[in-house]
Amino acid sequence: MTAFPFIGLVGDIGGTNARFALISGDGQPLAHPLTLPTSGFADLGEALQAYVQQVGVPVPAQACIAIANPIDGDWLRMTNTAWAFSIEATRQRVGLQSLRMLNDWEAMALAAPTFSPVELLSLGGGESVSDAPRGLLGAGTGLGVSSLVRARSGEWVPIAGEGGHVTLSPGNAREADILRVLWQRWPHVSAERVISGMGLENLYTALADLSGQPLPPLGAAEISQRALAGQDALCQEAVETMCVLLGRVAGNLALTLGARGGIYLGGGVLGHLRAYLPRSGFRAAFEDKGRFAAFLSRIPTWMIEAEQPALRGAAMGLGVRVSG
């Protein structure tokens, strides 16, 4: 009898997409990767069952799922989609022996030490200090933030957080004007409100309001397309402002952590801006910290270009280092 070749199932759940794959052991690539729409399923259990049925394999013994949500007890209610479920009930329903849940950017932090130089796009700065803390930010449906620190044992320890919900601080008068418009909608304007897919839409709407132009709302994808094509000055300002604000928030994270190991950026929204981000005001805003500008100038920043990095991190959560 042939042994079942897969030792685990991994997933990456965001507000838009649910990505799954199977793992077979150290050094092996992810198998049967599949992306499903999060909105097409009632909860994680239903999506897992659909994945296993579509790829036509038995349910593995263990799974590790990265999810865009804090992990606080057995009951999870996602912030950016309608999913709400019990981890233990999901494990039993799907037929898993073990089910580990990670914050999605905690999984990204676990994956960070596995990235090769060709999987990172440099966005400036000096050399990484090998054992120093590292920070990660990802702009997608929301804004994910995590960090990675080296324990005395030499092991890398990921730290999940909800840094996307820190209070947004303006760096100049124009940003302050944008913030005043956004305060009319929300008493607390977080970094996620302006650095994410919805954030780009919020920036465009705020800039339109400031311009006095009665413009129809646009989705994030169309704003990006118009900006990159040079077709719309307001879209261009919205994209540039998001990149600058990302730089400010990333610089805050680097200072808070002392992240001389570097800052990693990812997420679907930034993936669409790959060609633009290096020439945007991101890096200048990152270093714009007064007396600590020189300190930040030495910290490297990268865009993650690895394939399925959160799935790789979820595999690390099962103790398996898959190949890129």
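Our structure is the block above this text.
Treat the numbers as computed from the prediction; the structure is a model and nothing was measured.

Even without a glycine there, the phi angle at His32 is positive, about 50°. Tracing the backbone through its elements, the reader meets His32 in strand β3 (residues 31–37). Even without a glycine there, the phi angle at Gln308 is positive, about 50°. Within the secondary structure layout, Gln308 lies in the loop between β13 (301–304) and α11 (309–317).

Turning to the nonpolar core, a few remarks are in order. Core analysis: the largest hydrophobic core is formed by 51 residues, its most contacted members being Leu137, Ile195, Ile223, Val239, Ile263 and Leu265. Tallying contributions element by element places helix α7 (residues 233–257) first for this core, with 12 residues. For Ile223, the residues in contact, after removing those within four places along its chain, are Leu200, Glu201, Tyr204, Leu218, Cys235, Ala238 and Val239. Listed in part, the 29 residues of the second largest apolar core include Leu36, Ala50, Val55 and Leu99.

Take the sheet that holds strand β11 (residues 156–160) next. Spatially, β8-β13-β12-β9-β10-β11 is the arrangement adopted by the six strands of the open sheet, whose pairing is mixed. Of all strands in the sheet, those with a lone pairing partner are β8 (120–122) and β11, marking the two edges. The mean angle between the axes of side-by-side strands here comes to 25°, regardless of whether they run parallel or antiparallel. Here strand β10 (residues 143–150) pairs with β11 via five bridges, running antiparallel. Directly across from Ser146, in β11, lies its bridge partner Ala160. The sheet strands contacting α7 are β9 (134–139), β10 and β12 (262–266), and the helix crosses β9 at an angle near 155°.

We now examine the pairing of β9. Here β9 lies mainly inside the structure; six of its six residues are buried. When β9 meets β10, the two strands line up antiparallel, connected through six bridges. The residue bridging Gly135 from the neighbouring strand is Ser147, located in β10. What sits between the antiparallel neighbours β9 and β10 is a turn of three residues. The pairing of β9 with β12 spans five bridges and is classified as parallel. Along β12, the bridge assignment pairs Arg134 with Gly262.

Inspection of every chain in the model, using the stated rule, returns five aromatic pairs. Among the aromatic residues, ring-to-ring pairing joins Phe115, Tyr264 and Trp302 into one connected group.

Let us now look at helix α4 (residues 173–183). If you check which residues of α4 are buried, you get Glu175, Ala176, Ile178, Leu179, Val181 and Leu182. Where α4 is buried, its residues meet α5 (197–211) and α7. One side-chain oxygen of the residue at the start of α4 lies 3.2 Å from the amide nitrogen of Arg174, identifying that residue as Asn172.

Moving on: the environment of Ile71. Its place among the elements puts Ile71 in the loop between β4 (62–67) and β5 (75–77). Spatially, the C-alpha atoms of Ile71 and Gly15 are 15 Å apart, while their sequence positions differ by 56 residues. Setting aside residues no more than four positions away along its own chain, Ile71 makes contact with Leu76, Met101, Leu102 and Asn103.

One pass over the structure, following the stated rule, counts 13 salt bridges. Of the charged contacts in the structure, one is a salt bridge between Arg226 and Glu222, with a shortest N-O distance of 2.8 Å. Highlighted residues: Arg226 and Glu222, both in helix α6 (residues 220–228), separated by four residues, approximately one helical turn. For Glu305, the salt bridge goes to Arg274, with nearest N and O atoms at 2.2 Å.

This part covers the side chain of Ser147. Mapped onto the secondary structure, Ser147 falls in strand β10. Note on Ser147: relative accessible area 6%, which makes it buried. Not counting residues within four places of it along the chain, the set of residues in contact with Ser147 comprises Ala109, Arg134, Gly135, Leu136, Val157, Pro158, Ile159 and Leu257.

What counts, and at which threshold
- Residues numbered from 1 in each chain as written.
- Predicted model: local features only at pLDDT ≥ 70, side-chain atom pairs only at ≥ 80, totals over all residues.
- Heavy atoms only, no water.
- Helix = DSSP H or I, 4+ residues; strand = E, 2+ residues; numbered from the N terminus.
- Core = buried A, V, L, I, M, F, W, Y, C linked by side-chain atoms within 4.5 Å.
- Buried < 20%, exposed > 50% of the residue type's maximum accessible area, 1.4 Å probe, protein only.
- Contact = heavy atoms within 4.5 Å.
- Pairing = 2+ DSSP bridges.
- Axes fitted to C-alpha atoms, helices over the stretch in contact; angles between N-to-C directions.
- Phe/Tyr/Trp six-rings, centres within 6.5 Å; stacked < 30°, edge-to-face > 60°.
- Polar contact = N/O pair within 3.5 Å; in protein donor to acceptor, adjacent residues only side chain to side chain.
- Salt bridge = Lys/Arg side-chain N within 4 Å of Asp/Glu carboxyl O.

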